[in-house]
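This is what each chain is made of:
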Amino acid sequence: MLSRVANHIYWLGRYLERAENYARFIDVNFNLMQDLPVDLKEQWQPLVAATGDWHLYTTKYSEFEKNQVLYFLAFDQDNPNSMLSAISKARENARIIRENLSKETWEKTNQLYMMMQEGCDRKVWKKADPRSFFEKIKNQILLIYGIADSSVARVEGWYFRQLGQFLERADKTSRILDVKYHILLPSGQDVGTPLDFLHWMALLKSVTGFNTYRRVYGNIDPLNVVEFLVLNRYFPRSIYYCLKEAESCLHHISGNLDGGFGNPAEKAAGELRSHLEFAEVREIIDFGLHEYLDNLQIKLNKLSDLIDSTYFRLRDNYISQNQDQ
């Protein structure tokens, strides 16, 4: 497969997953707001902090008002990570490699873009409760995933899209878990209270993991929630599961299915997956949840850079080497 085509397929997977996860970010706050005591002020600042776009937001806005945050995260094209920006880029990547996609995948991706444009025209962010719109966006992206799962051959293109999807999901699961860290409770005394319980419950619902968690662990317990979202081996949105699948994709792409590693990207993915495989939740908490997640995000960014240099800069490297001769 041409590195150019692989690059577009990889980023198609990443951008679709990014948009879906931003919809989840917004959903976790709305779920929380519905259950908070009436005397508590809504908190939208944590969403901006957790997405990593704090600096850009503060250069445009002086307050963290609901409509401003929703517009910034969902529809602001000046924000390169907004849902509309991500979906626009996903559509453009799909358009460029349209001949490599099924007809249904292209049509549903294009339809997704039109849905976001319609939401922007209708100023959805100003509605009192826009959750139904974001639910439709999530379902549309899941529909695209379902079409791919049932109609795409498991060859290189498939694994590049899966690789992008799982790396993006691992990063966003770490960030959505970090939302809980950023939410400022009114008092330290609220830890362990029903209010704290509501925060953890909303967090699990935002990753569609509440029912699965309850079946596995029972009662809501912060340690168990962290273990579920970071270390669980079977939940498709846990960070460990995503890294395990990303590593498997890398091995299928290179053909190195006998273990070990064949390039720097495989080595970095294996090291990171192995670190999580043998980690314990108490170690994470003792290290500091926020610090652990922040360090994990740095390593995920490094892995992404290695994938780029290993597979997508081959032509640039080839030209550079010939010019040096």
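The shown structure was predicted, so the numbers you read here are calculated from the model rather than taken from an experiment.

K.L.:
In this structure, what is going on with unusual backbone geometry? I would like to understand it.
P.N.:
Most peptide bonds are trans, and most residues other than glycine sit at a negative phi. Notably, lysine 123 is not glycine yet its phi reads approximately 55°, a positive angle. Structurally, lysine 123 is set in the loop between helix H6 (103-121) and helix H7 (131-151). Although it is not a glycine, threonine 208 adopts a positive phi angle of roughly 50°. Mapped onto the elements, threonine 208 comes out in the loop between helix H9 (194-206) and helix H10 (210-217).

K.L.:
Just checking my understanding: could you explain the pattern of salt bridges for this structure?
P.N.:
Any two side chains of opposite charge can pair if their charged atoms end up close together. Enumeration over the complete set of coordinates arrives at 20 salt bridges. One salt-bridge network, in which partners are shared between bridges, spans Arg14, Arg18, Glu168, Asp171, Lys172 and Arg175.

K.L.:
I would appreciate a short explanation of the side chain of threonine 310 in the present structure.
P.N.:
The residue threonine 310 is located in helix H15 (residues 289-312) in this model. A relative accessible area of 17% means that threonine 310 is categorised as buried. Residue contacts for threonine 310: discarding those within four places in its chain leaves Asn263, Pro264 and Ala265.

K.L.:
I would appreciate a short explanation of the packing of aromatic side chains in the present structure.
P.N.:
The geometry of two aromatic rings is summed up by the distance between their centres and the angle between their planes. The tally for this structure, following the rule as stated, stands at 21 aromatic pairs. Its end group placed over the ring of tyrosine 113, arginine 91 keeps NZ or CZ at 4.5 Å from the ring centre. In this arrangement the basic side chain of lysine 205 is found over the ring face of phenylalanine 210, its NZ or CZ atom lying 5.6 Å from the centre.

K.L.:
Even after reading the chapter, I still don't get H9, so can you show me in this structure?
P.N.:
Three- or four-residue spacings in an α-helix give side chains the same orientation, since the helix completes a turn every 3.6 residues. Between its terminal C-alpha atoms H9 stretches 18 Å, which fits the 18 Å expected from 13 residues at 1.5 Å a residue. Within H9, ten of the 13 residues are buried, which leaves the element mostly enclosed by the surrounding structure. Taken together, the buried positions of H9 are Leu195, Asp196, Leu198, His199, Trp200, Met201, Ala202, Leu203, Leu204 and Ser206.

The rules behind each value
Residues numbered from 1 in each chain as written. Predicted model: local features only at pLDDT ≥ 70, side-chain atom pairs only at ≥ 80, totals over all residues. Heavy atoms only, no water. Helix = DSSP H or I, 4+ residues; strand = E, 2+ residues; numbered from the N terminus. Salt bridge = Lys/Arg side-chain N within 4 Å of Asp/Glu carboxyl O. Buried < 20%, exposed > 50% of the residue type's maximum accessible area, 1.4 Å probe, protein only. Contact = heavy atoms within 4.5 Å. Phe/Tyr/Trp six-rings, centres within 6.5 Å; stacked < 30°, edge-to-face > 60°. Lys NZ or Arg CZ within 6 Å of the ring centre and 35° of its normal. Expected span 1.5 Å × (residues − 1).

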